[in-house]
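What follows is each chain in one-letter form.
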Amino acid sequence: MTKHKAETRKDELRSGTPLWVRTSHSTVDASSELRHDRFDAIVVGAGISGALMAEALTRAGRSVLIVDRRPPVRGSTPASTAMIQHEIDMPLTRLRRKVGADRADRAWLRSAKSVDGLQALVKTLRIDCQMRQRPVLYLAGDDMGARALAAEAEARREIGITADYLKHADIVSHFGIDRTGAILSQASASANPAQLAAGLLQVALSRQARLVSPVEITDMAELPSGVALATAKGEVLVAGHAVFCTGYEYLPQMKSTTHRVTSTWALASEPVRGLPGWLRDVMVWEASDPYLYFRSDEAGRVIAGGEDEKAANSNSDPQKLSTKSKTIAAKLEALTGIKIGKPAYRWSAPFSVTDDGLPIIDRVPGFERVFTVMGFGGNGITFSMIGAEIISAMIAGRSDPDADLFRFR
Ligand SMILES: Cc1cc2nc3c(=O)[nH]c(=O)nc-3n(C[C@H](O)[C@H](O)[C@H](O)COP(=O)(O)OP(=O)(O)OC[C@H]3O[C@@H](n4cnc5c(N)ncnc54)[C@H](O)[C@@H]3O)c2cc1C
């Protein structure tokens, strides 16, 4: 028997108030009673990664226990601005140089396919979460200029991903934005991330999954025919498989040198009168460091974020919450002319990045039946979807053609 003692990483996953926690059906009821039945799988973490995982496993007919040390959907997921992008943080041209053209192309294509897959899933399951397909405008900035973006658009088109390169004059005339170049792409979406995760958990519960909170997993061991997880209270849970969907609070066994926790800030305005028509659909981000990104929601609010810092703990500084939200609002106004006034919501959070912009979706090193989905990066929700697809296939004994892309590195 392989046994590992684990001290889990703990973070304040948010400071301030994201608007999504104030919306209806943004969480689900959990049981406080931990029964010791044996399940086919235990999913640790009830955010978007755990919710997608539980949905995929219960769809395949498996019995599932979901546990979380917080109430369901109260980790990083409600902090997300939920621009559900096929665009990976690392541009295709750069990723090709870093990991080779074949791997980079497959990662980008899989990302685009999974955004479509997520929208189709939400439609089939009739989850009420404001999911809709939206175009994305990626603006030239200090990290990638016009020429680099033109090459990037060309590379994406080569592999069949729509990407129109826009010149300065087009950007000014369509969006009133003064940038030297941009890529306009189609295959992304937005949603209320908390309603999305809660809706998926509700579907898993309707298929007899159990959801118990608060339960903190502190230790794990592999048994000949399954896994045993220990809780902070000293209980032991047994299952055929375990999947850690614990977001930025990974266990030591899941640590990877490619991965770092950083800090990020976001805000949501009151509904803005006279929002430009294009902003109802188009979501925007820029090739700058630090970057600005923004979108609208169905109520006409502007949701914007960025100003990332490398330090993992600066997001808990209340002074920074105030200054960063002022900077984000000022940058938004300078770029678009939109004045949002005093933000209705502002929040900060840890945020994880990897050196190649790709997530870690794999068996935990040293274990056969313990897996993890760590969907890091600006398109973390898309990666959570890929994680559910790959890990549910692995548990079913099937191979996924892209599993090699997201291994522990
Ligand atoms: C400000 C901000 C903006 C973002 N914007 C976007 C965006 O526009 N688009 C996008 O795709 N992504 C975005 N992301 C990233 C995205 O939000 C994350 O990738 C995603 O929410 C991670 O979901 P998760 O389920 O993996 O983690 P979480 O939602 O954090 O869920 C993990 C759960 O595991 C539980 N847990 C942890 N350890 C244990 C343990 N030992 N025992 C029991 N339970 C445990 C936690 O309590 C938590 O509830 C953003 C993130 C932030 C912070």
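Residues numbered from 1 in each chain as written. Predicted model: local features only at pLDDT ≥ 70, side-chain atom pairs only at ≥ 80, totals over all residues. Heavy atoms only, no water.

Caption draft 1: Fine view of the side chain of Glu307. Positionally, Glu307 belongs in strand 16 (residues 302-309). Not counting residues within four places of it along the chain, the set of residues in contact with Glu307 comprises Trp265, Pro290, Tyr291, Lys324, Thr327, Ile328 and Lys331. (Helix = DSSP H or I, 4+ residues; strand = E, 2+ residues; numbered from the N terminus. Contact = heavy atoms within 4.5 Å.)

Caption draft 2: Just the site of the ligand, in detail. The immediate surroundings of the ligand are formed by 38 residues, with Ser49, Asp68, Arg70, Thr77 and Met83 found nearest. Measuring from an oxygen atom of the ligand, one finds a side-chain N or O atom of Asp68 at 2.6 Å. In this structure, Arg69 approaches the ligand through a main-chain N or O atom, which is 3.1 Å from a nitrogen atom. Taken by itself the ligand offers 1,000 Å² of open surface, and the protein chains cover 99% of this. It is strand 17 (residues 345-354) that provides the largest number of residues to the shell around the ligand, a total of 3 residues. Its residues placed into classes, the shell around the ligand shows 16 nonpolar, 17 polar and 5 charged. A domain split of the shell around the ligand shows at least three residues from each of domain 1 (4-79 + 194-256 + 357-406) and domain 2 (133-189 + 258-354). (Near = heavy atom within 4 Å. Polar contact = N/O pair within 3.5 Å; in protein donor to acceptor, adjacent residues only side chain to side chain. Areas by Shrake-Rupley, 256 points an atom, 1.4 Å probe, with all protein chains shown as cover. Nonpolar A, V, L, I, M, F, W, Y, C, P; charged D, E, K, R; others polar. Domains from an automatic or database assignment.)

Caption draft 3: Representation of the side chain of Arg295 within the structure. Mapping Arg295 onto the fold places it in strand 15 (residues 292-296). At 5.6 Å, Glu298 is the nearest oppositely charged side chain to Arg295, a buried residue that forms no salt bridge. Within the local environment of Arg295, its side chain forms a polar contact with the backbone oxygen of Thr81, the two atoms lying 2.8 Å apart. Polar contacts involving the side chain of Arg295 include one to the main-chain carbonyl oxygen of Ala191, which spans 3.0 Å. In this structure Arg295 touches Trp20, Thr81, Ala82, Met83, Arg134, Ser190, Ala191, Leu279, Met283, Arg301, Val302 and Ile303, once residues within four positions along its chain are discounted. (Buried < 20%, exposed > 50% of the residue type's maximum accessible area, 1.4 Å probe, protein only. Lys, Arg positive; Asp, Glu negative; His and termini not counted. Salt bridge = Lys/Arg side-chain N within 4 Å of Asp/Glu carboxyl O.)

Caption draft 4: Region of the structure containing empty space enclosed by the protein. Within this structure, the stated rule accounts for 2 cavities of 30 Å³ or more. Computed from the structure, the second largest cavity encloses a volume of approximately 30 Å³. Forming the walls of the second largest cavity are Trp20, Gln130, Ser190, Ala191, Asn192, Arg295, Asp297 and Glu298. (1 Å grid on protein atoms, 1.4 Å probe; cavity = no way out; pocket = protein on both sides within 12 Å on 5 of 7 lines; lining within 4 Å. Points joined across faces, edges and corners; volume = space filled by probe spheres on them.)

Caption draft 5: Summary view of the packing of helix 1 (residues 48-59) against helix 8 (residues 380-395). Packing of helix 1 against helix 8 leaves a shortest axis separation of 9 Å and a crossing angle of 35°. Once helix 1 is placed against helix 8, the crossing between them reads as right-handed. Residue-level inspection shows Ile48, Ser49, Leu52, Met53, Ala56 and Leu57 of helix 1 in contact with helix 8, the latter providing Ile381, Ser384, Met385, Gly387, Ala388, Ile391, Ser392 and Ile395. The class makeup of the residues in the contact of helix 1 with helix 8 is 10 nonpolar, 4 polar and no charged. (Axes fitted to C-alpha atoms, helices over the stretch in contact; angles between N-to-C directions. Left-handed = near helix turned anticlockwise from the far one by under 90°.)

Caption draft 6: Quick look at the pairing of strand 11 (residues 226-231). Among the 6 residues that make up strand 11, 6 are buried, leaving the element largely enclosed by the rest of the structure. Burial along strand 11 is two-sided: Gly226, Ala228 and Ala230 and Val227, Leu229 and Thr231, pointing in opposite directions, are all buried. The sheet contact formed by strand 10 (residues 217-223) and strand 11 spans 6 bridges and is antiparallel. Looking at strand 11, one finds that Met220 is bridged to Leu229. Hairpin connection of strand 10 to strand 11: 2 residues between the antiparallel strands. Where strand 11 and strand 12 (residues 236-244) come together, 4 bridges link them in antiparallel fashion. Across the sheet, the residue bridging to Leu229 is Leu237, located in strand 12. What sits between the antiparallel neighbours strand 11 and strand 12 is a turn of 4 residues, in which Gly234 has the positive phi angle 90°. (Pairing = 2+ DSSP bridges.)

Shape is all these values report; function is a separate question.
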